Amino acid sequence: MTATNGRPAAGYDTAGGRDAAGGDTVAAVVRQWRTVHPDLDTGPMEVIGRINRCAALLQQAEDAPLRRAGLSRPEFDLLGALRRTGHELTPSELARETFSSGAAVTKRLKQLTERGLVERRGDTRDRRVAHVRLTDSGRALVDGILPEQLAYETAVLSVLAPEGQGELAGLLAELLSRLEGRMGALRA
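Residues numbered from 1 in each chain as written. Predicted model: local features only at pLDDT ≥ 70, side-chain atom pairs only at ≥ 80, totals over all residues. Heavy atoms only, no water.

Draft legend 1. Up close: helix H4 (residues 73–85). Between the first and last C-alpha of H4 there are 18 Å, a value that for 13 residues agrees with the 18 Å anticipated at 1.5 Å per step. Restricting attention to buried positions, one finds in H4 the residues Glu-75, Phe-76, Leu-78, Leu-79, Gly-80, Ala-81 and Leu-82. Elements that come into contact with the buried residues of H4 comprise helix H3 (64–68), helix H5 (91–98), helix H6 (102–114), strand E1 (118–122), strand E2 (130–134) and helix H7 (136–157). Backbone geometry just after H4 places Gly-86 at a positive phi near 80 degrees. (Helix = DSSP H or I, 4+ residues; strand = E, 2+ residues; numbered from the N terminus. Expected span 1.5 Å × (residues − 1). Buried < 20%, exposed > 50% of the residue type's maximum accessible area, 1.4 Å probe, protein only. Contact = heavy atoms within 4.5 Å.)

Structure below.
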């Protein structure tokens, strides 16, 4: 972040992270690495480290409304995928929709079926394929909890001004779009 004179804004170092006066845990880590390896560019660590730290903190909070409903975020994501697509999905389709492994989806579907939130129906042409749909209870749960979950997420993000939220969403969308197209090549 820079001030209008081209120098870092108050509270920010030249790489865009909070300095010792403001500080966050990633800034402290970056300062330590700069001391050990002053020749290395720690800029990527400041972005990736902060994304990872934010994700960890959000996961620790465990999405309070979901927790009160007895759901984990991954379970809600499965229910949400069924609700927002508006039709039955196979476990493989649910895995793609929720960025989960097939084994994880199978385990979660078993738990959600036992709770009466989803139903499985066998395929008439291929007995190995199952189709999953929300039950009335599952639909009511998703529709009831979604406004509360969105209010919770709004409160979490309220530390940023609305225009900052929009800017962050745009930057993360650009990063995600590019990563989704390149990750296969980066893993090699």
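Draft legend 2. Fine view of the environment of Val-29. Inspection of the secondary structure puts Val-29 in helix H1 (residues 25–36). Residues Val-29 and Glu-46, 17 residues apart in the sequence, show an inter-C-alpha distance of 9.0 Å.

Draft legend 3. Representation of the environment of Asp-136 in the model. Structurally, Asp-136 can be placed in helix H7. Residue Asp-136 is classed as exposed on the basis of its relative accessible area, which comes to 63%. C-alpha of Asp-136 to C-alpha of Val-118: the two residues are 18 residues apart in sequence and 8.6 Å apart in space.

Draft legend 4. A look at the pattern of salt bridges. Enumeration over the complete set of coordinates arrives at 14 salt bridges. Measuring nitrogen to oxygen at the nearest pair gives 2.9 Å for the salt bridge that ties Arg-84 to Glu-97. Taken together, the positions of Arg-84 in helix H4 and Glu-97 in helix H5 put the pair 13 residues apart, joining distant regions of the chain. Since its relative accessible area comes to 54%, Arg-84 is described here as exposed. The class for Glu-97 is partly exposed, based on a relative accessible area of 31%. The closest approach of N and O atoms between Asp-136 and Arg-139, which form a salt bridge, is 3.8 Å. With a gap of three residues between them, Asp-136 and Arg-139 both fall in helix H7, about one helical turn apart. A relative accessible area of 32% places Arg-139 in the partly exposed class. (Salt bridge = Lys/Arg side-chain N within 4 Å of Asp/Glu carboxyl O.)

Draft legend 5. Spatial organisation of the pairing of E2. Summarising burial for E2: four of the five residues are buried, a large majority. The sheet contact formed by E1 and E2 spans five bridges and is antiparallel. Within the sheet, the bridge partner assigned to Glu-119 lies in E2 and is Arg-133. (Pairing = 2+ DSSP bridges.)

Draft legend 6. Summary view of the side chain of Thr-98. Tracing the chain through its elements places Thr-98 in helix H5. Of note is the side chain of Thr-98, whose polar atom sits 3.1 Å from the side chain of Ser-100. Excluding residues that lie within four positions of it along the chain, Thr-98 makes contacts with Asp-77, Leu-78, Ala-81 and Val-105. (Polar contact = N/O pair within 3.5 Å; in protein donor to acceptor, adjacent residues only side chain to side chain.)

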